[in-house]
Amino acid sequence: MNVFDLFDESQRPKAPPIRGATEQHRSVGRRLAAIHAMHLSALDETKEMMERVQQGEAAATDLAEQVTSLELLDNYRRFGNLCGRECQFLDFHHTSEDNEIFPAIAQNGGEEFKRVIARLTEEHAVIHRLLETLAMNVVDLQTEPSSANFVRTRSTFEALYRAVGSHFNYEQTELEEAIGYYGLL
Ligand SMILES: [Fe+2]
Ligand SMILES: [Fe+2]
C-alpha cells in the first residue's frame, strides 16, 4: 500500500455510534479537537516561516547575490527550530494517545473500534517516521544552513503537514464519542 493511501478518507474504517453516548460525552470528546487545533496552529506558524524563507531565497536569487544574506541564514535556523519544536510536541501527543487512549478504546469498544484503532496506530507509525526524518533534516539544517538542506527539510515538513492534518480530522471525528464515554480526556 502506498503510504498516502493510509490517509485516504474513503479507505479508512469508521467507528460505530455508541449506544448510550450523550451530548456531554461528545463535548468531552471534542477536547481532542481543541488539542489538535493547538498543534495545527503551531504547524501553521512553522509553515509561515517556511514561506518567508522561500520568499527570502527568491529575493536573494533575483539580486543574484553570491553570499547568502544574514537574514536568510537566520530564517533557516528559525524554521529549523520551529520544526524541531513540532517534532517534540507531536511525538508527545501521539505517545500519550498510544499509551492511554487507544488501548482503552480497543479493549472496550468492540471489533469495529479495534479496526479504527489499528488504522490510527498505523498512521501514527507513518507520522513517527516523518518526525524522525524531519528531526534529522533539522540537525543538518542547523549544522549547515543552506538552500539544499532547507529544501530537504521543507519537503519532509510538507509531507508531515499533510499527513497530520488528515490524521487529526479522522481521529477526532471517529473517537469523539468514545473518548467521552470511556472517560479518557
Ligand atoms: Fe493521533
Ligand atoms: Fe491526536
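Keep in mind that what you see is a predicted model, and the values were worked out from it rather than measured.

**Looking at the overall build of the chain**
Stage number 1. Within the chain, the regular secondary structure consists of six helices and zero strands.
Stage number 2. When its helices and strands are written in sequence order, the chain yields α-α-α-α-α-α.
Stage number 3. Looking at the chain residue by residue over its 185 residues, the buried ones come to 42%.
Stage number 4. In the chain, 85% of the contacts between residues at least 6 apart in sequence involve partners at least 24 apart.

**Some details on the coordination of the iron ion (ligand 1)**
Stage number 1. Bound to the iron ion (ligand 1) on the protein side are E97 (OE), H124 (NE2), H167 (NE2) and E171 (OE), at distances that span 2.0 to 2.2 Å.
Stage number 2. Every donor counted, the four donor atoms about the iron ion (ligand 1) form angles of 89 to 178 degrees at the centre, which fits irregular coordination.
Stage number 3. Sequence spacing among the residues donating to the iron ion (ligand 1) works out to E-x26-H-x42-H-x3-E.
Stage number 4. The distance between the iron ion (ligand 1) and the iron ion (ligand 2) comes to 3.2 Å, with E97 serving as a donor to both metals. Residue E97 is found in helix 3 (residues 70-108), and its partner H124 is found in helix 4 (residues 111-143); the two are separated by 27 residues along the sequence. Neither E97 nor H124 differs from the other in exposure class; each is buried.

**What about the environment of M50?**
Stage number 1. Secondary-structure assignment places M50 in helix 2 (residues 31-62).
Stage number 2. On the basis of relative accessible area, M50 is assigned to the buried category, the value being 1%.
Stage number 3. Look past the residues within four positions of M50 in its chain and what remains in contact with it is F79, F150, R154, F157 and E158.

**Details of the pattern of salt bridges**
Stage number 1. Using the criterion set out here, one finds twelve salt bridges in the structure.
Stage number 2. Note that R26 and E177 form a salt bridge whose closest N and O atoms lie 2.6 Å from each other. Of the two residues, R26 sits in helix 1 (residues 23-29) while E177 sits in helix 6 (residues 176-181), which places them 151 residues apart along the sequence.
Stage number 3. By relative accessible area, which is 22% here, R26 ends up partly exposed.
Stage number 4. Between D74 and R78 there is a salt bridge, and its shortest N-O distance comes to 3.2 Å. Here D74 pairs with R78, and both are found in helix 3, just four residues apart, close to one helical turn.
Stage number 5. Taking relative accessible area as the criterion, R78 reaches 40% and is therefore assigned partly exposed.
Stage number 6. Where salt bridges share partners, they join E9, R12, K14, E123 and E174 into one cluster.

**Looking at the side chain of R119**
Stage number 1. Mapped onto the fold, R119 is located in helix 4.
Stage number 2. In this structure the side chain of R119 is engaged in a polar contact, spanning 3.1 Å, whose partner is the backbone oxygen of L6.

**Observations regarding helix 3**
Stage number 1. With 39 residues, helix 3 ought to run about 57 Å at 1.5 Å a step, and its terminal C-alpha atoms sit 56 Å apart, in line with that.
Stage number 2. A positive phi of about 90 degrees marks G110, the residue just after helix 3.

Procedures and definitions
- Residues numbered from 1 in each chain as written.
- Chains lettered and ligands numbered in written order.
- Predicted model: local features only at pLDDT ≥ 70, side-chain atom pairs only at ≥ 80, totals over all residues.
- Heavy atoms only, no water.
- Helix = DSSP H or I, 4+ residues; strand = E, 2+ residues; numbered from the N terminus.
- Buried < 20%, exposed > 50% of the residue type's maximum accessible area, 1.4 Å probe, protein only.
- Contact = heavy atoms within 4.5 Å.
- Donors = N, O, S within 2.8 Å, 3.2 Å for Na, K, Ca; no water.
- Tetrahedral: all angles 85-135°; square planar, octahedral: opposite > 155°, others 65-115°.
- Salt bridge = Lys/Arg side-chain N within 4 Å of Asp/Glu carboxyl O.
- Polar contact = N/O pair within 3.5 Å; in protein donor to acceptor, adjacent residues only side chain to side chain.
- Expected span 1.5 Å × (residues − 1).

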